[in-house]
Amino acid sequence: MDIINYLPLGALRNRQAERYQQALRQVVEKGQFVLGSAVTAFEQEFSRFINTKHTVGVGNGLDALRLVLEAWKWEGFLQPGDEVIVPANTYIATWLAVEQAGLKIIPVEPELDTFNISISPLTSLDLTKVKVVLPVHLYGRMAPMKFIQQWAIQNGIRILEDAAQAHGARVDGIKAGAWGDAGAFSFYPGKNLGAIGDAGAVTTAHADTAKRVRILGNYGSEKKYHNIYPGFNSRLDELQAAFLSIELSQLEEDNHLREKIAELYLTQINHPEIKLPSSSKTGENVWHIFPVLCKRRNQLQEWLTQGGIQTLIHYPIPPYQQLAFRPAFSGKDWPLTTRIHSEILSLPIHPLLTPEEIEIVISRINAFPY
Ligand SMILES: *Cc1c(COP(=O)(O)O)cnc(C)c1O
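Conventions adopted
- Residue numbers here run from 1 along each chain, matching the order of that chain's written sequence.
- Given that this is a predicted model, residues contribute local features only at a pLDDT of at least 70 and side-chain atom pairs are listed and counted only at 80 or more, while totals for whole chains, interfaces and linings are drawn from all residues.
- Side-chain descriptors were evaluated using all non-hydrogen atoms of the structure, hydrogens and water having been removed beforehand.
- Exposure is judged per residue with a 1.4 Å probe applied to protein chains only, and the accessible area is read against the type maximum: over 50% gives exposed, under 20% gives buried, and values in between give partly exposed.
- For the purposes of this entry, the term helix denotes a DSSP run of H or I that reaches at least four residues, the term strand denotes a run of E that reaches at least two, and both are numbered from the N terminus.
- Any two residues whose heavy atoms approach within 4.5 Å at even a single point are treated as in contact.
- Aromatic contacts are taken between Phe, Tyr and Trp rings whose centres are within 6.5 Å, Trp giving its six-membered ring; a plane angle under 30 degrees counts as stacked, one over 60 as edge-to-face, and the others as tilted.
- As a reminder, the over-ring test applies to NZ of lysine and CZ of arginine, requiring each to be within 6 Å of the ring centre and within 35 degrees of the ring normal.
- Salt-bridge detection follows one rule: a side-chain nitrogen of Lys or Arg within 4 Å of a carboxyl oxygen of Asp or Glu.
- The near set for a molecule or strand comprises every residue that places at least one heavy atom within 4 Å of it.
- N or O atoms within 3.5 Å of each other form a polar contact, as long as, within protein, one can give a hydrogen and the other can take it, and as long as residues adjacent in sequence are counted only when both atoms are side-chain atoms.
- Methods summary: accessible areas were calculated by the Shrake-Rupley approach with a probe of 1.4 Å, and residue burial reflects only the protein chains presented.
- Classification used: nonpolar for Ala, Val, Leu, Ile, Met, Phe, Trp, Tyr, Cys and Pro, charged for Asp, Glu, Lys and Arg, polar for all others including Gly.
- Residues grouped as a nonpolar core are buried Ala, Val, Leu, Ile, Met, Phe, Trp, Tyr and Cys residues, joined through side-chain atoms within 4.5 Å.
- It is the directions from the helix axis to the C-beta atoms that the arc portrays.
- Whether two strands pair depends on DSSP finding at least two bridges between them.
- Simply put, an axis is a line fit to the C-alpha atoms, just over the touching stretch for a helix, and the angle between two N-to-C directions goes from 0 to 180 degrees.

Chemist: Run through helix 8 (residues 207–216), naming residues and quoting values.
Modeler: Listed in full, the buried residues belonging to helix 8 are T209, A210, R212, V213, I215 and L216. Buried residues belonging to helix 8 abut strand 1 (54–58), helix 4 (61–75), strand 9 (200–204) and strand 10 (221–223).

Okay, here's the thing in structure tokens:
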């Protein structure tokens, strides 16, 4: 039996094998491996793609989030202990960035059919100490940015978008990473735009934020050996930047292929025990993940495994139940989020799936015994 891979990263990167070889040769010949022309070129291409003023390459997505918060601290906008609203259900990196910056995490429940932060709890929160909202465009779908933007402006709150799963997602023609005061991207290999190692970027329209992030990520130095902040070492390296430029050139086509698969899943998966995600306007959701909910999730996963279909769980344990966040959050519960974590399953949705494989996934799911 042929196995349907969840995400065949080697095969995906191999589509551009020759360009990778060429990029490697160029970077090695040039002999500048950190903060050189390939990084500058990628930053400009990514700014153009997102339609924002500044992109700053950094080491990874967690650092992208963290460095923005640190920049806002040095700017004087944030003080230790200020509050940051985050989704209760997200990858743990979102929470870690806030924790590591010495800020207070205020979790908010999601909507069940979009998995994104819910609007109504925002309007009933005590905002006295809230300085930042950190929406995550989870699974590739835009958080409700029109509302969040208006609400944030009214309340003097800054927006930091976690766009690590949403390269190219947009609403009203504005892309993830261009709505907020800043956006944080990850180019971890498994993301829609992925490097062949760790990489990340900050996007922003604010020159001041861009400059501070760049300085903080480079040991706090603007000028070599002159350090104005006790900074970090978190830089995008030349080789990853050169590879990312190659991957960026096919991102939109890949996102389009993912969307076509999602349309087939949405129209053809039909099972009384399986709840599908809601659809969205063409081109808005980049379907980083195709999540379904099933009360008998573990049996469904086993059924698919036996049918040769690999699936993953994003994520099995919510951040507040992780040991890393105990005891601060022990005894607290966000019931919708807890439910999502126990019922969610991610189906394969990568751009190399063949029509036959998609058909196998659909018919296997529809045949799940009940
Ligand atoms: C992947 C991811 C991150 C972290 O990115 P890294 O590059 O792995 O540090 C942050 N937030 C979300 C939602 C992610 O999916």
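There's plenty left to go through after this.
Chemist: Could you give an account of the packing of aromatic side chains, naming the residues involved and the relevant values?
Modeler: The description of an aromatic ring pair uses the distance of the two centres, along with the angle that the planes make with each other. Scanning all chains against the criterion turns up 19 aromatic pairs. Look at F325 and F329: their rings are 6.1 Å apart centre to centre, the planes differ by 80°, and that puts the pair in the edge-to-face class. For F325, a relative accessible area of 3% translates into the label buried. The exposure class of F329 is buried, given its relative accessible area of 9%. Lying over the aromatic face of W72, R158 brings its terminal NZ or CZ to 5.1 Å of the ring centre. Between the NZ or CZ atom of K175 and the centre of the ring of F49, over which it lies, the distance is 3.8 Å.

Chemist: Explain the pattern of salt bridges to me, and be specific about the residues and the numbers.
Modeler: All chains considered together, the criterion is met by 15 salt bridges. A salt bridge links R214 to E43, with the nearest nitrogen and oxygen atoms 3.0 Å apart. A residue pair is termed long-range when its members are at least 10 positions apart, and R214 in helix 8 and E43 in helix 3 (residues 37–50) qualify at 171 residues. Take R214: its relative accessible area is 37%, and that puts it in the partly exposed class. Linking K131 and D82 is a salt bridge whose minimum nitrogen-to-oxygen distance equals 3.9 Å. In this pair, K131 is assigned in strand 4 (residues 130–133) and D82 in the loop between helix 4 and strand 2 (83–87), connecting sequence segments 49 residues apart. Assessed through its relative accessible area of 11%, D82 is described here as buried.

Chemist: I'd like a rundown of the site of the ligand, residues and numbers included.
Modeler: Surrounding the ligand, one finds N60, G61, L62, Y91, A93, T94, V136, D162, A164, Q165, S186 and K191. A distance of 2.9 Å is found between an oxygen atom of the ligand and a backbone nitrogen or oxygen belonging to L62. A distance of 2.8 Å separates an oxygen atom of the ligand from a polar side-chain atom of Q165. When the ligand is considered free in solution it has 380 Å² of accessible area, and contact with the protein chains removes 91% of it. Sorting the residues of the shell around the ligand by element identifies helix 4 and helix 5 (92–100) as the ones contributing at least two each. Residues that form the shell around the ligand fall into these classes: five nonpolar, five polar and two charged.

Chemist: Give a description of the nonpolar core that names residues and reports values.
Modeler: Core analysis: the biggest nonpolar cluster contains 45 residues, and F42, F46, I85, I148, F187, L193 and L244 have the highest contact counts within it. Sequence-distant contacts of I85, defined by excluding residues within four places in its chain, comprise I106, V108, I117, L122, L125, L127, V130, V132, V133, L134 and W151.

Chemist: Give me unusual backbone geometry: which residues, what numbers.
Modeler: Cis geometry is adopted by the peptide bond preceding Y315, which originates at H314 and carries an omega value of 10°. Counting through the fold element by element, Y315 comes out in the loop between helix 11 (297–306) and helix 12 (335–343). Residue R326 is joined to P327 through a cis peptide bond whose omega torsion reads 5°.

Chemist: Now, about helix 7 (residues 145–154): what can you tell me, with residues and values included?
Modeler: Every buried residue of helix 7 is accounted for by M145, I148, W151 and A152. Taken around the axis of helix 7, the buried residues stretch over an arc of 135°, which confines them to a single face. Summarising the geometry of helix 7, the exposed residues directed more than 90 degrees from the buried face are K146, Q150, I153 and Q154. Where the residues of helix 7 are buried, they touch strand 2, helix 6 (119–124), strand 4 and strand 5 (158–162). A positive phi of about 65° marks G156, the residue just after helix 7.

Chemist: I'd like a description of the sheet that holds strand 4, backed by residues and values.
Modeler: Strands sit in the order 1-9-8-5-4-2-3 across an open sheet of seven strands; the sheet is mixed. Of all strands in the sheet, those bounded by a partner on one side alone are strand 1 and strand 3 (104–108). Taken pair by pair, the neighbouring strands of this sheet meet at an average axis angle of 25°, ignoring direction. Along the sheet, helix 3 contacts strand 1, strand 8 (182–186) and strand 9; its crossing angle with strand 1, the most-contacted strand, is approximately 130°. Strands strand 2, strand 4 and strand 5 of the sheet are contacted by helix 7, whose axis makes an angle of about 150° with strand 5.

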